[in-house]
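# What the coordinates show
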Amino acid sequence: MFNPDAVGKSRKSSTTFKVTQESISNFAHAIGESEIINSSVTYSIMISLGPSQALLEENGLDWTRVVHGDQKFQNNRPLHAGDEVTCTSTIETYRAVAGNEIVTVRTDLHCGAELAQVQWTTLVVRG
């Protein structure tokens, strides 16, 4: 069972992710896109996934029962080769509905002091 008292808890990435043109190109090819110069919005999931997963696991999320509910992005600017990105994931909401748990995590991605992107991931933990 997920810990509902975890709302408001955050986890900052322990390392800085260096964006490279090679990683942008590899991601583009993996999703069937042509060579691109700047990253797609969804590229940033590679950066944010580790810290957000760790935060959720620390608070009791059972991945064997998870269904992806929703994903939203606020893209203030694309990530470019050479950017050094840190991210902070925060458990934003939790609610229990019809025996299921619904958890939303917000992840802020920063390039230095600049907020480059915000992601919201909503997961449904089946009861």
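Residues numbered from 1 in each chain as written. Predicted model: local features only at pLDDT ≥ 70, side-chain atom pairs only at ≥ 80, totals over all residues. Heavy atoms only, no water.

With that out of the way, let us pick up the overall build of the chain. In terms of helices and strands, the chain carries 2 helices and 6 strands. Traced from its N-terminal end to its C-terminal end, the chain shows the element sequence β-β-α-α-β-β-β-β. A compact globule built from 127 residues should have a C-alpha radius of gyration of about 14 Å, and the chain, at 15 Å, falls within 12% of that. Taken along the three principal axes of its C-alpha coordinates, the chain extends 45 × 30 × 20 Å. Per-residue burial over the chain gives 36% buried out of 127 residues. Long-range pairs, those at least 24 residues apart, make up 68% of the contacts in the chain with a sequence separation of at least 6. The centroid of the 10 positive side-chain charges in the chain is displaced by 5 Å from the centroid of its 14 negative side-chain charges. (Helix = DSSP H or I, 4+ residues; strand = E, 2+ residues; numbered from the N terminus. Rg over C-alpha atoms; globule rule 2.2 N^0.38 Å. Buried < 20%, exposed > 50% of the residue type's maximum accessible area, 1.4 Å probe, protein only. Contact = heavy atoms within 4.5 Å. Lys, Arg positive; Asp, Glu negative; His and termini not counted. Charge placed at Lys NZ, Arg CZ, Asp CG, Glu CD.)

A positive phi angle, near 50 degrees, is found at Ala-98, a position not held by glycine. Looking at the secondary structure, you find Ala-98 in the loop between strand 4 (84-97) and strand 5 (100-111). You can call Ala-98 exposed: its relative accessible area is 76%.

The topology assignment puts Thr-104 in strand 5. Those residues in contact with Thr-104 that lie beyond four places of it in its chain are Thr-90, Ile-91, Glu-92, Thr-93, Trp-120, Thr-121 and Thr-122.

A few words now on the pairing of strand 4. Pairing of strand 1 (residues 10-12) with strand 4, which is carried by 3 bridges, proceeds in the antiparallel orientation. If you follow Arg-11 over to strand 4, its bridge partner there is Ser-89. Relative to strand 4, strand 2 (residues 17-18) runs antiparallel, the two sharing 2 bridges. Within the sheet, the bridge partner assigned to Phe-17 lies in strand 4 and is Val-85. (Pairing = 2+ DSSP bridges.)

In this section: empty space enclosed by the protein. In this approach, a probe sized like a water molecule rolls over the atoms, and the result shows the empty space that is left. Scanning the model with the defined rule gives 1 cavity of 30 Å³ or more in all. Of the volumes computed, that of the largest cavity is approximately 40 Å³. Along its surface, the largest cavity is lined by Ser-39, Ser-40, Val-41, Ser-44, Asn-75, Arg-77, Pro-78, Leu-79 and Gln-117. The residue inventory of the lining of the largest cavity, partitioned by class, reads 3 nonpolar, 5 polar and 1 charged. (1 Å grid on protein atoms, 1.4 Å probe; cavity = no way out; pocket = protein on both sides within 12 Å on 5 of 7 lines; lining within 4 Å. Points joined across faces, edges and corners; volume = space filled by probe spheres on them. Nonpolar A, V, L, I, M, F, W, Y, C, P; charged D, E, K, R; others polar.)

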